[in-house]
Amino acid sequence: SVSCPAGKELPIITDVMVAETYDGDISEKYFYGQKFDKDILVDPETGELTNDPAKYFVEIDGCGRLSDCKAAITFDTHRLYALNIMTEIFNSLIVPDSILPSDLPMPVAVWAEKQEVASVGGSFFMVIDPSKFIPIADLKAKTDRYIRSIKDVKKAPGVEEIFIPGERSLKKRAKTDEVVILDTHWEAFIETAKAFDVDVEAERKSWQIV
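To keep things clear, this report deals only with the structure shown in the data block. Keep in mind it's a predicted model, so treat the numbers as computed, not measured. (Residues numbered from 1 in each chain as written. Predicted model: local features only at pLDDT ≥ 70, side-chain atom pairs only at ≥ 80, totals over all residues. Heavy atoms only, no water.)

**Examining the overall build of the protein**
To keep things clear, this is the line we draw: A run of DSSP states H or I qualifies as a helix once it reaches four residues; a run of E qualifies as a strand once it reaches two. Both are numbered from the N-terminal end. Each residue is assigned to one of three classes by its accessible area relative to the maximum for its type, calculated with a 1.4 Å probe on protein chains only: buried under 20%, partly exposed between the two thresholds, exposed over 50%. Only heavy atoms enter the contact rule, under which two residues are in contact if any of them lie within 4.5 Å. Accessibility throughout is a Shrake-Rupley quantity obtained with a 1.4 Å probe, and a residue counts as covered only by protein chains that appear here.
In terms of helices and strands, the protein carries six helices and seven strands. Written out in order from the N terminus, the α and β elements of the protein read β-β-α-β-β-β-β-β-α-α-α-α-α. Here the protein, with 210 residues, has 21% of them falling under the buried criterion. For the protein, restricting intrachain contacts to residue pairs at least 6 apart in sequence, the fraction spanning at least 24 positions comes to 51%. Accessible surface for the protein amounts to roughly 15700 Å². Of this, 56% is attributable to carbon and sulfur atoms.

The structure is reproduced here in structure tokens:
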């Protein structure tokens, strides 16, 4: 994820998946009886590609989005593969106490029980002070011009507006405070809260959550 401040325009906030799909997406496809639009899962026995996670899915009670899928995820393009490697350089290779993805316990479903290590290898955050390179006012004006240069190009037939990555979500958040949570995620959250004696209903009332 990368962000950049703007002036009159909305800030640029772009978030890029570094895999064809994630464990949560696989779980949702399975729970709703759906298939992926393309063959991105690898059969562990034959090596053939498939778009159906159903026969490889291991449903774990109370585990929600972290239930395991025996079929590995492949990359549709070499660029996405390279991008994934780049993120691992940041997240695990250069972080002193991180865990390499290959050293993490598998399958994911082992997290139905307490483990000695975390479920992810590491995290990486970089914050750049743009004022060290350019006055903030100039940066915001420059970002505005850049955004307009994209949004003002000639549109294809039937296209009403060109959006900057993240723009639609920012506009939607500005209109409502509602946060939609998938049922399968919420049910797993409730089970985790109960395990730690957290009164979810009391918390909902204190935060005025409906």
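**Quick word on the packing of aromatic side chains**
Geometrically, a pair of aromatic rings is defined through the distance of the ring centres and the angle of the planes. Definition in use: For Phe, Tyr and Trp, where Trp contributes only its six-membered ring, two rings pair if their centres lie within 6.5 Å, and the inter-plane angle classes them as stacked under 30 degrees, edge-to-face over 60, or tilted in between.
Counted under the stated rule, the structure contains six aromatic pairs. One aromatic cluster is present, built from ring pairs that chain together Tyr-30, Phe-31 and Phe-57.

**Comments concerning a nonpolar patch on the surface**
Filter applied, for reference: A residue counts toward a patch only above 30% relative accessible area and without a salt bridge, and it is joined to like-charged neighbours within 9 Å or, for Val, Leu, Ile, Met, Phe, Trp and Tyr, to nonpolar neighbours within 5 Å. In the sections that follow, a salt bridge refers to a side-chain nitrogen of Lys or Arg positioned within 4 Å of a carboxyl oxygen of Asp or Glu.
A surface patch of nonpolar side chains, amounting to about 720 Å² of accessible area, comprises Tyr-81, Ile-85, Met-86, Ile-89, Phe-90, Leu-93, Ile-94 and Leu-100. Along the polypeptide, Ile-89 turns up in helix 2 (residues 78-93). By relative accessible area, Ile-89 is classed as partly exposed at 36%.

**Things to note about the environment of Val-200**
Looking at the secondary structure, you find Val-200 in helix 6 (residues 200-206). The buried category is assigned to Val-200, whose relative accessible area is 11%. For the pair Val-200 and Ile-190, spaced ten residues apart in sequence, the C-alpha separation works out to 7.3 Å. Contact partners of Val-200, with chain neighbours within four places excluded, come to Trp-186, Phe-189, Ile-190 and Ala-193.

**Some points on unusual backbone geometry**
Despite not being glycine, Asp-197 has its phi angle at roughly 55°, a positive value. Relative to the assigned elements, Asp-197 resides in the loop between helix 5 (183-195) and helix 6.

**A few points about the pattern of salt bridges**
Inspection of the entire model under this criterion finds eight salt bridges. Between Glu-20 and Lys-38 there is a salt bridge whose closest N-O contact spans 3.3 Å. One end of the pair, Glu-20, is in the loop between strand 2 (12-14) and helix 1 (23-31); the other, Lys-38, is in the loop between helix 1 and strand 3 (41-42), with 18 residues separating them in the sequence. Residue classification places Glu-20 among the buried positions, given a relative accessible area of 17%. Salt-bridge contacts for Glu-167 lead to Lys-171; the nearest nitrogen and oxygen are separated by 2.9 Å.

**Describing the side chain of Thr-50**
Residue position: Thr-50 is located in strand 4 (residues 49-50). The exposure class assigned to Thr-50 is buried, which follows from its relative accessible area of 13%.

**Looking at the environment of Ile-13**
Summarising the element assignment, Ile-13 is placed in strand 2. Looking at Ile-13, the relative accessible area reads 39%, which means it is partly exposed. Considered as a pair, Ile-13 and Ser-169 are 156 residues apart in the sequence and their alpha carbons are 9.6 Å apart. Those residues in contact with Ile-13 that sit more than four places away from it in its chain are Val-2, Ser-3, Pro-165, Gly-166 and Leu-170.

**Observations regarding the sheet that holds strand 4**
Our working definition: The criterion for strand pairing is that DSSP finds at least two bridges linking the strands in question.
The antiparallel open sheet is built from three strands, whose spatial order is 4-3-7. A strand with exactly one partner marks an edge of an open sheet, and here the two such strands are strand 4 and strand 7 (72-73). Pairing between strand 3 and strand 4: two bridges, direction antiparallel. Residue pairing for strand 4: Leu-41 is matched across the bridge by Thr-50.

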